[in-house]
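Residues per chain are reported as follows:
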Amino acid sequence: MKIIDGGVCAAKGFTASGVHCGIRKNRTKRDLALIYSEKKASVACVYTTNLVKGAPIAVTKKNVADGFAQAVICNSGNANTCNANGVEVAEKMSDLIADALNIDTNDVVVASTGVIGQPLDVTPIADGIPALVKALGNNSEEAAEGIMTTDTRLKQIAVSFDIDGVECKIGGIAKGSGMIHPNMATMLVFITTDCAIAPNMLQKALSTDIKSTFNMVSVDGDTSTNDMVTVLANGMAGNNEITEDGEAFNAFMKALNTVTVYLCRCIAGDGEGATKLLECKVTGAKSDAIAKTVAKSVICSSLTKAAMFGADANWGRVLCAIGYSGADVDVTKIDVSFTSAKGTIEVCKNGAGVDFSEEIAKEILLENEIGINVALNDGEFSSTAWGCDLTYEYVKINGDYRT
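The shown structure was predicted, so the numbers you read here are calculated from the model rather than taken from an experiment.

Let's shift gears to the nonpolar core. Nonpolar side chains in soluble globular proteins tend to be buried together. Ile170, Phe252, Phe338 and Val374 are the most contacted members of the largest nonpolar core, which totals 75 residues. Looking at this core element by element, the count peaks at 11 residues for helix H6 (residues 247–269).

Structural data, given as structure tokens:
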């Protein structure tokens with residue numbers, strides 16, 4: 001397996017585009033994106049667990065109920081959530097792009113992201129679709145730009161891998177910077193692959209993967225209303241279709257996980273106002289659930305996040321987050337260390353502080369990627385969670401996000 005160029009256009013048969021259609025006032029920012037497969041593809045989706053859901057989710061669930069799709073259309077700048085005519089607008093988006101591509105409207109995934117509770121006028125979308133379709137090509141970056149909101153950088157990756165000697169490719173784009181605390185997937189993520197895999201196995205792969213990837217990301221503790229992860233698999237690589245567990249399915253899972261972990265790190269590192277990517281690795285837990293609970297609690301701790309922003313090796317905040325997590329741990333066995341490109345420093349042993357150099361610790365914590373290592377020393381399970389520091393800029397961004 002190797003990293004390749006192309007994003008969602010790396011896999012055979014996939015093209016993409018992104019344009020500015022007028023939803024957003026800033027004409028320099030794309031606000032409409034399209035991903036298209038030459039052939040109908042197996043599809044798998046996971047959605048937000050928030051009871052308040054964007055209208056596009058309802059429409060997408062209906063459209064992909066048969067396990068197949070051929071296109072994804074997504075707008076940014078408006079979430080199309082809590083609108084009286086939201087479903088009607090989402091259905092119209094599906095109909096418009098289906099007509100333009102000459103495909104069935106039930107083969108369209110619809111997504112929206114942006115401000116909640118603001119009516120979405122479908123007119124600029126309708127006007128922008130001809131240019132969107134005309135621009136289809138090897139344009140993964142343009143599509144990735146079209147789904148961005150407060151993101152500061154583009155998020156995409158692609159890898160190649162073998163299934164029974166046949167080269168397959170898988171790539172993805174993502175958006176996500178704030179309102180991120182998913183319990184299913186995260187923000188908006190679109191993944192394409194030319195691997196042949198049955199819809200039920202594709203759904204199994206995605207639903208399994210998110211438990212250790214997108215479900216382990218948190219920026220601010222808020223679960224969005226529009227979170228969705230979608231995978232399209234059109235089978236154009238020519239491998240024998242994956243219909244059951246086995247070596248081929250495991251190879252696909254490994255490739256999928258490479259893409260999703262990379263996107264998780266991108267999303268966490270680009271959290272609103274963030275200056276640092278935080279990665280908490282928990283080892284030695286009595287169960288997988290305990291490892292995940294501890295890792296997520298540390299990453300979600302506002303005090304820990306603030307300490308990391310200030311390059312303050314305040315390890316007591318890590319212990320505090322573990323203590324209120326509800327996980328069954330023996331505090332007297334816990335070790336904590338911080339790590340970065342500048343090295344590693346142990347700050348806690350057996351639940352108590354150890355002598356360490358504050359100067360060296362600060363040098364380590366001034367880097368833009370920080371590892372928080374927690375050894376529970378009580379079992380064989382491990383887990384990793386991703387987040388970011390909490391900065392002044394986060395409050396500034398969200399203080400006037402709507403206005």
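Right, picking up where we left off after that structure.
Before going further, it helps to examine the environment of glutamate 167. Along the chain, the position of glutamate 167 falls in strand S7 (residues 166–175). Residue glutamate 167 is classed as partly exposed on the basis of its relative accessible area, which comes to 43%. The residues touching glutamate 167, leaving out its near neighbours within four places in the chain, are Ser160, Phe161, Asp162 and Ala237.

So, on to the environment of glycine 269. The topology assignment puts glycine 269 in helix H6. With residues near it in sequence (within four places) discarded, glycine 269 still touches Arg153, Ala274 and Leu277.

For arginine 24, the location among the structural elements is in the loop between strand S2 (14–19) and strand S3 (32–47). Buried arginine 24, no salt bridge; nearest opposite-charge side chain is aspartate 31, N-O distance 5.9 Å. Sequence-distant contacts of arginine 24, that is, excluding residues within four places in its chain, are made with Lys29, Arg30, Asp31, Ser76, Gly77, Met148 and Thr149.

What follows covers the packing of aromatic side chains. Per the stated rule, a full pass over the model turns up 2 aromatic pairs. When the centroid spacing of 5.3 Å and the interplanar angle of 90 degrees are considered together, the rings of phenylalanine 309 and tyrosine 392 count as edge-to-face. Linking phenylalanine 309 in helix H8 (residues 302–309) with tyrosine 392 in helix H11 (residues 392–399), this pair joins segments that are 83 residues apart in sequence. Using a relative accessible area of 26% as the deciding quantity, one classes phenylalanine 309 as partly exposed.

Scoring rules and cut-offs
- Residues numbered from 1 in each chain as written.
- Predicted model: local features only at pLDDT ≥ 70, side-chain atom pairs only at ≥ 80, totals over all residues.
- Heavy atoms only, no water.
- Core = buried A, V, L, I, M, F, W, Y, C linked by side-chain atoms within 4.5 Å.
- Buried < 20%, exposed > 50% of the residue type's maximum accessible area, 1.4 Å probe, protein only.
- Helix = DSSP H or I, 4+ residues; strand = E, 2+ residues; numbered from the N terminus.
- Contact = heavy atoms within 4.5 Å.
- Lys, Arg positive; Asp, Glu negative; His and termini not counted.
- Salt bridge = Lys/Arg side-chain N within 4 Å of Asp/Glu carboxyl O.
- Phe/Tyr/Trp six-rings, centres within 6.5 Å; stacked < 30°, edge-to-face > 60°.

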